[in-house]
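# Tertiary structure, described
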Amino acid sequence: MLRRVSPDLLEYVDGPATCLINIGSATRQAVRPIYASESISDLFPHLSEHVRLALPYLKGSYVVV
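These lines cover the structure that appears in this document, whether it is placed above or below. Please read these numbers as outputs of a predicted model, since none were measured by experiment. (Residues numbered from 1 in each chain as written. Predicted model: local features only at pLDDT ≥ 70, side-chain atom pairs only at ≥ 80, totals over all residues. Heavy atoms only, no water.)

## With respect to the overall build of the protein chain
The cut-off we apply is this: By definition, any uninterrupted DSSP run of H or I lasting at least four residues is a helix, any uninterrupted run of E lasting at least two residues is a strand, and each is numbered from the N terminus. Values of the radius of gyration come from C-alpha atoms, whereas the globule rule sets the reference at 2.2 Å times the count of residues to the power 0.38. Only protein chains enter the accessibility calculation, which uses a 1.4 Å probe; a residue is then buried when its area is under 20% of its type maximum, exposed when over 50%, and partly exposed in between. Per-residue accessibility takes into account occlusion by the displayed protein chains alone, with areas from the Shrake-Rupley method and a 1.4 Å probe. In this tally, Lys and Arg are treated as positive and Asp and Glu as negative; His is ignored, and so are the chain termini. Throughout, a charge is located at the NZ atom of Lys, the CZ atom of Arg, the CG atom of Asp or the CD atom of Glu.
Within the protein chain one finds 1 helix and 5 strands. Seen in sequence order, the protein chain has helices and strands lined up from the N terminus as β-β-β-β-α-β. Since a compact globule built from 65 residues should have a radius of gyration of about 11 Å, the 11 Å found for the protein chain is in line with a globular shape. Taking the principal axes of the C-alpha coordinates as reference, the protein chain spans close to 35 × 20 × 15 Å. Of all 65 residues assigned to the protein chain, the portion counted as buried reaches 35%. By element, 56% of the accessible surface of the protein chain is carried by carbon and sulfur atoms, the whole surface being about 4300 Å². The centroid of the 6 positive side-chain charges in the protein chain is displaced by 14 Å from the centroid of its 6 negative side-chain charges.

## Some words on helix H1 (residues 47-54)
Residues lying three or four places apart along an α-helix face the same way, a consequence of the helix completing one turn every 3.6 residues. What counts here: Summarising the geometry, the arc corresponds to the directions from the helix axis toward the C-beta atoms. Here, two residues are considered to be in contact whenever any of their heavy atoms come within 4.5 Å of each other.
Within H1 the residues assigned to the buried category are Leu47, Ser48, Val51 and Ala54. Looking straight down H1, one finds its buried side chains confined to an arc of 125°; they lie on one side. Looking at the buried positions of H1, the neighbouring elements they touch are strand E1 (2-6), strand E2 (9-14), strand E3 (17-22), strand E4 (32-34) and strand E5 (62-64).

## Brief notes about the pairing of E1
Defined as follows: Pairing between two strands is assigned when DSSP locates at least 2 bridges connecting them.
The pairing of E1 with E2 spans 4 bridges and is classified as antiparallel. Pairing of Leu2 across the sheet is with Tyr12, part of E2. Between E1 and E2, which pair antiparallel one after the other, the connecting turn spans 2 residues.

## Points about the pairing of E2
In terms of strand pairing, E2 meets E3 through 6 bridges, oriented antiparallel. Paired with Asp14 across the two strands is Ala17, which belongs to E3.

## Side note on the pattern of salt bridges
Defined as follows: A pairing counts as a salt bridge when a side-chain nitrogen of Lys or Arg comes within 4 Å of a carboxyl oxygen of Asp or Glu.
With the rule as written, the count across this model stands at 2 salt bridges. We note a salt bridge from Glu11 to Arg3, for which the minimum N-O separation is 2.7 Å. Note on Glu11: relative accessible area 17%, which makes it buried. According to the relative accessible area criterion, Arg3 is partly exposed, its value standing at 41%. Across the pair Arg32 and Asp8 runs a salt bridge, and its minimum N-O distance is 2.5 Å. Placement of the pair is Arg32 in strand E4 and Asp8 in the loop between E1 and E2, with a sequence separation of 24 residues. Of the residues examined, Arg32 reaches a relative accessible area of 18% and is grouped as buried. Judged by its relative accessible area of 41%, Asp8 falls in the partly exposed class.

## Considering a nonpolar patch on the surface
We apply this condition: Patch membership requires over 30% relative accessible area and the absence of a salt bridge. Like charges are linked within 9 Å, and nonpolar side chains (Val, Leu, Ile, Met, Phe, Trp, Tyr) within 5 Å.
On the surface, a cluster of nonpolar side chains totalling about 270 Å² of accessible area is made up of Tyr35, Val63 and Val65. In this structure, Val63 sits in strand E5.

Have a look at this one:
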């Protein structure tokens, strides 16, 4: 599950594990980066993939980095 906590923060829940994901400021292309990397923890092996799949449900233009 992915939900917006604030304009610059997402919460990602995968089973019993939860993490917060930062959203960066808009770039020159008006795209906001979402900083979601599997390297942050072995608890979230599919983090980037799941966030990419959720992008169509978020309002605005985002890219997962």
